[in-house]
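# Structure assessment
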Amino acid sequence: PLDGVVPVILSSALDSVHGPWDAAEWCRRVCDRHGTQRVKFSHRRSDLPQGQVQHVEAPLQMFLSEVVSGTHEANSLYMGEHLLEPDEQKDVLQRLPGILQEDLFRESFPPELSVPALCFIVGGPGSRSTLHADHLSWTGWNVLLSGTKLWHFYKRSTSNDRLFAARRVPQWGLDVHPLGLAANWSSDADLFFHCEGEPRLGSSHAFRPRHASAHVGGGAGVALPRPDFEVVQRAGEMIVFPGDWWHQTYHYTASVAVCAQYCNRRNLPRVLGHILDWCGTSVDVSSDFLKSSSSLEPAAQVRQALEVAMKYRFQRAAVLDDQHRRHVKSAATAEARPKSMG
C-alpha cells in the first residue's frame, strides 16, 4: 500500500531513531530564517472567476500573521517548493520511515530532470488546494505538522476524467521540449466550493461542489459520486497516497505541512510508463519496453526510458510541425486563387 496503491495514514511517522520529532521547534527555525523573505501565495475570494485565485507577494512573516484569519469565502494558501534550505530538508527527510527512504528521483534520474525535494505548505482556515492528479504518477506523501485537514480522493478513470473535465498540463521536462516529458491532470472543479453549516470538526456541515466550468449549463446538475477515500488528517499524521489519483484538500484550521514524492523500484514502472505515455509512445511499445528493461538496474531503466520517450516526443513534434506547414501552405494557396466575380 505504501507504494501508491491506496491512501494510507501513518501516525508519528517522523519519530525515529533520531528521537521524537519536535515539529514546533523546526517550524520556528524555518520562520526565523525565512521570515523576511518574500513569498508568493494564492488568495481565494468568492468574487473571482471560477477556478481562479489572486496571486500575492509578501514577506513570509506578514503572510503567517494574516493567514490565521481566513474564512471559507476568503483565505490564503502558500506552497513553497524552493523555500527550504538543504539542512532544513535533511531534518525531515532523514526521519522518513525506511520503506520511504529509497528515492530514485534523487538517485537515478539526471540532475537536470530533478523534482523538488520538499515542499513547505501553510494554509489558513477555509483554504484548499486545486483538484488535480499529479504528474509522473509518483507516490506522494504529506506530513501535517499542525492543524487539521480534509482529503478527498477519487481514482482516475475515464468517467472521472470526464466528470472533472480533465486538462493535461505539462509540468516536468519543459527545458527539454515545450510539451514537457510529463503532465498532470487538472480541473477547475471545486469539491469544497460551498459549505452548509460551519466548516469545522464536531459541527454539522456539508460541502457542496462546484462542477468544472466545461459542464456548467450541462452537467452542473449531476451529483458527484462519493469519493473513493475521505480522510481527516490531524497533526503528526502522514498520508501516503497514489499521486495519480484525483485529490483535493481542505484546511479546517490554520495548518502547516511538508510534502514530497518518491519513486522506488516497486513503482518505477508506473513512473516510466507515465513518461512514455505522455511523450506519445503506443501502449504496445511502452509495455514491451517495461518488460524487456525490468531486469536492468534503475539508473539504466531510467536512461533508456528517457531515450525512447524523447525520440517519440520529438518525432511526434516533427509530424505536427509538418502538418501545420502543410495547412499553412494549403491556406496560402487557396487565398492566392483568383476570386469569382459572380
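Preceding this paragraph is the structure being described.
What you are looking at is a predicted structure, and each value in this text was computed from that prediction instead of being measured. (Residues numbered from 1 in each chain as written. Predicted model: local features only at pLDDT ≥ 70, side-chain atom pairs only at ≥ 80, totals over all residues. Heavy atoms only, no water.)

### Things to note about the pattern of salt bridges
- All chains considered together, the criterion is met by 14 salt bridges.
- Of the charged contacts in the structure, one is a salt bridge between Arg-266 and Asp-3, with a shortest N-O distance of 2.4 Å. In this pair, Arg-266 is assigned in the loop between β16 (255-262) and α6 (268-278) and Asp-3 in the segment before β1 (8-11), connecting sequence segments 263 residues apart.
- Overall, Asp-3 belongs to the buried group, its relative accessible area being 14%. (Salt bridge = Lys/Arg side-chain N within 4 Å of Asp/Glu carboxyl O. Helix = DSSP H or I, 4+ residues; strand = E, 2+ residues; numbered from the N terminus. Buried < 20%, exposed > 50% of the residue type's maximum accessible area, 1.4 Å probe, protein only.)

### Structural notes on the environment of Ser-11
- Within the fold, Ser-11 resides in strand β1.
- Separated by 222 residues in sequence, Ser-11 and Gln-233 have C-alpha atoms that sit 10.0 Å apart.
- Ignoring any residue separated from it by four or fewer positions in sequence, one finds Ser-11 in contact with Gly-236 and Glu-237. (Contact = heavy atoms within 4.5 Å.)

### Notes on the packing of aromatic side chains
- With the rule as written, the count across this model stands at 18 aromatic pairs.
- Centroid distance Trp-26 to Phe-120: 6.0 Å. Interplanar angle 70 degrees. Geometry classified as edge-to-face. Residue Trp-26 is found in helix α1 (residues 23-34), and its partner Phe-120 is found in strand β5 (residues 119-123); the two are separated by 94 residues along the sequence. Accessibility classification places Trp-26 together with Phe-120 in one group, the buried group.
- Here Trp-151 and Phe-241 contribute two aromatic rings whose centre-to-centre distance is 5.3 Å and whose plane-to-plane angle is 55 degrees, an arrangement assigned as tilted. Highlighted residues: Trp-151 in strand β8 (residues 148-154) and Phe-241 in strand β14 (residues 237-242), separated in sequence by 90 residues. The pair formed by Trp-151 and Phe-241 is uniform in burial state, with each residue classed as buried.
- Put simply, the rings of Phe-105, Phe-109, Trp-138 and Trp-172 touch in pairs and so form one group of aromatic residues.
- Arg-168 extends its terminal NZ or CZ atom over the ring of Trp-185, reaching a point 4.0 Å from the ring centre. (Phe/Tyr/Trp six-rings, centres within 6.5 Å; stacked < 30°, edge-to-face > 60°. Lys NZ or Arg CZ within 6 Å of the ring centre and 35° of its normal.)

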